[in-house]
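# Notes for the structure review
One letter stands for each residue in the lines below.
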Amino acid sequence: MTATVPPAPSENPIPEPAGRVELPPGAVLTDARFVNDDLLPVPLARRRWTTYNFTALWVGMAHNIPSWLLASGLVALGMDWKQAVFTIALANVIVLAPMLLTGHAGPKYGIPFPVLARASFGLRGANLPAMIRAAVACAWFGIQTWIGGQGVFVLLGKLFGGWAEASEVGGQPWTLWVCFVLFWALELAIIYRGMEALRRFENWAAPFVIVGALVLLAWIAYKAGGLGPLLDQPSRLGWGADFWPVFFPSLMGMIAFWSTLSLNIPDFTRFGAGQRAQVWGQTLGLPTTMTLFALLSVFVTSGSQAVYGAAIWDPVELAAKTDNVFGLLFALITVLVATISVNIAANVVSPAYDLANLAPKFITFRTGALITGVVGVVIMPWKLTETPELYIFTWLGLVGGLLGTVAGILVADYWIVRRTRLDLTDLYTPGGRYWYTSGWNPHAVVAFLTGGVLAVGGSHSAPGKGPFPEDGLIPFLKPLADYGWAVGLAASLVVYVALTAGTRRRV
């Protein structure tokens, strides 16, 4: 595909007063290996997402069933509710920092994550972080779609009896598979309409899901006559020697929950009206929403313990306790909206761009979204949520270490080496300043390997609790495994800056 920008006399991009930059007028980008319409910078006229749009995006993404279940996972590991909420709140404040740093390139240059990665990894090398991010997103897409399909199955089973007793296919009732497939198709239908449709969907989905969560809280508080005994339960870990070995890997796991977005957030901020919109929108949307949702989760679960004699952490299972048809329908719609809003934004947009970057001539944004949907089902990632140890320590910990490593390189290159100055034309041009060695930057590869080995090399599992050796993949690195995201980010950042010291790579 050939992408052309209308000609004009100037050869260099001229930033507007707000600091946003377009391609140089007159630039003609013809190499289909690195260019298609979805990867080109968003024109200034189409960068119009406001603070509300970004806040709504985060509210829509944060309010979902896996987010609700985060607190229950930490409580299951021995924390009390205060420790669980504190861990979640701190993690989201920490992950906000790289989110804002990498998000800066979006409003300024209008480029998606894989194109930003070309500046540090090279035009071809950018496929390395892009494919890692895409693989993680595909797995998350499968997890969220399965959870959403289960929610629909449970609630429809209450409305139409006999669903759970249907004949089994592949170990599950065929009615569950129908819910899963329909839910999957609905998600892809929305994203197929493009990013503007996503923006409109998130604008109304965000307040709707908040109302749904508050209605659930009011209902259970009314039935319980209060919030129940769970809030009085002491921590099994205390605040001493038993707490910290659980706290730090849990903190890294909570960071890893959104570390995916800390990489590909330019996929969204590229549509921003300016830096103020993305900074305030993300700051108001992410840490506050995740903390509020964790609190709602704890309060509602506490009420369920008072009413039913046992803590019910799953909001779908709890909503299914009602016999009111209107209540069941409202819960069904809330589950649909909540899961779709996060799954499309967090787990389809990024791999769609990442796969388009892999083969721009053949893969568009829409084609990439469809591929994501297929891969997300084929790899059967729902197995990852079977136990808190596997979900938090193994899955989120491993993912966080690798994604933290990539984030360190992006932040180092964009902020420290280049001081936020990029040449837009060369980001799409082989042989330019971002071509390095045959399209790969050896410095970025070395930094990635170093940070990645240090971050995940010590990955370990308790006997029978995961896939890793008890002593770690690389035993002497085992002490670092509990801090994977931080270790990967810091190590890759330091190594990359050290390797590029003394070279002139600033635009």
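Quick look at the structure, then. Not measured: the values here are computed from a predicted model.

Here is what the cut-offs are and how they apply
- Residues numbered from 1 in each chain as written.
- Predicted model: local features only at pLDDT ≥ 70, side-chain atom pairs only at ≥ 80, totals over all residues.
- Heavy atoms only, no water.
- Salt bridge = Lys/Arg side-chain N within 4 Å of Asp/Glu carboxyl O.
- Helix = DSSP H or I, 4+ residues; strand = E, 2+ residues; numbered from the N terminus.
- Buried < 20%, exposed > 50% of the residue type's maximum accessible area, 1.4 Å probe, protein only.
- Core = buried A, V, L, I, M, F, W, Y, C linked by side-chain atoms within 4.5 Å.
- Contact = heavy atoms within 4.5 Å.
- Patch = residues over 30% accessible without salt bridge, like charges linked within 9 Å, V, L, I, M, F, W, Y side chains within 5 Å.
- Areas by Shrake-Rupley, 256 points an atom, 1.4 Å probe, with all protein chains shown as cover.
- Axes fitted to C-alpha atoms, helices over the stretch in contact; angles between N-to-C directions.
- Parallel < 35°, antiparallel > 145°, perpendicular 65-115°, else oblique.
- Left-handed = near helix turned anticlockwise from the far one by under 90°.
- Nonpolar A, V, L, I, M, F, W, Y, C, P; charged D, E, K, R; others polar.

### Quick notes on the pattern of salt bridges
All chains considered together, the criterion is met by 5 salt bridges. A salt bridge links Arg433 to Asp423, with the shortest nitrogen-to-oxygen separation between them at 3.4 Å. A residue pair is termed long-range when its members are at least 10 positions apart, and Arg433 in the loop between helix 16 (388-417) and helix 17 (442-456) and Asp423 in the loop between helix 16 and helix 17 qualify at 10 residues. Overall, the relative accessible area of 40% leaves Arg433 in the partly exposed class. Here Arg433 makes a salt bridge to Asp426, at a shortest N to O gap of 3.0 Å.

### Considerations on the nonpolar core
By size, the foremost hydrophobic cluster in this structure holds 103 residues, and its most contacted members are Met61, Leu155, Trp258, Leu261 and Phe268. Tallying contributions element by element places helix 6 (residues 127-159) first for this core, with 12 residues. Non-local contacts of Trp258, meaning those with residues more than four positions away in its chain, are made with Trp58, Met61, Ala62, Ser67, Asn92, Val95, Met99, Leu286, Met290, Val342 and Ala346. The next biggest cluster of nonpolar side chains, apart from the first, holds 23 residues, and it includes Leu23, Tyr109, Ile111 and Leu424.

### Things to note about the environment of Lys478
Mapping Lys478 onto the fold places it in the loop between helix 17 and helix 18 (484-500). For the pair formed by Lys478 and Gly458, sequence separation is 20 residues and the distance between their alpha carbons is 3.8 Å.

### Considering unusual backbone geometry
Positive phi, close to 50°, is recorded for Arg419, a residue that is not glycine. Taking relative accessible area as the criterion, Arg419 reaches 46% and is therefore assigned partly exposed. Non-glycine residue Ser438 carries a positive phi angle of around 55°. Tracing the backbone through its elements, the reader meets Ser438 in the loop between helix 16 and helix 17.

### Brief notes about a nonpolar patch on the surface
Together, Ile371, Val374, Val375, Val378 and Ile379 give the surface a local cluster of nonpolar side chains, amounting to about 380 Å² of exposed area. You can see Val378 is positioned in helix 15 (residues 365-378). Assessed through its relative accessible area of 59%, Val378 is described here as exposed.

### What about the packing of helix 6 against helix 9 (residues 244-264)?
Following both chains from N to C, one finds helix 6 and helix 9 inclined at 135°, their axes separated by 11 Å at the closest point. Between helix 6 and helix 9, the interaxial angle falls into the category oblique. By crossing handedness, the relation of helix 6 to helix 9 is classed as left-handed. Contacts between helix 6 and helix 9 involve Arg133, Val136 and Trp140 from the former and Phe257, Thr260, Leu261, Leu263 and Asn264 from the latter. Considered class by class, the residues forming the contact of helix 6 with helix 9 number 5 nonpolar, 2 polar and 1 charged.

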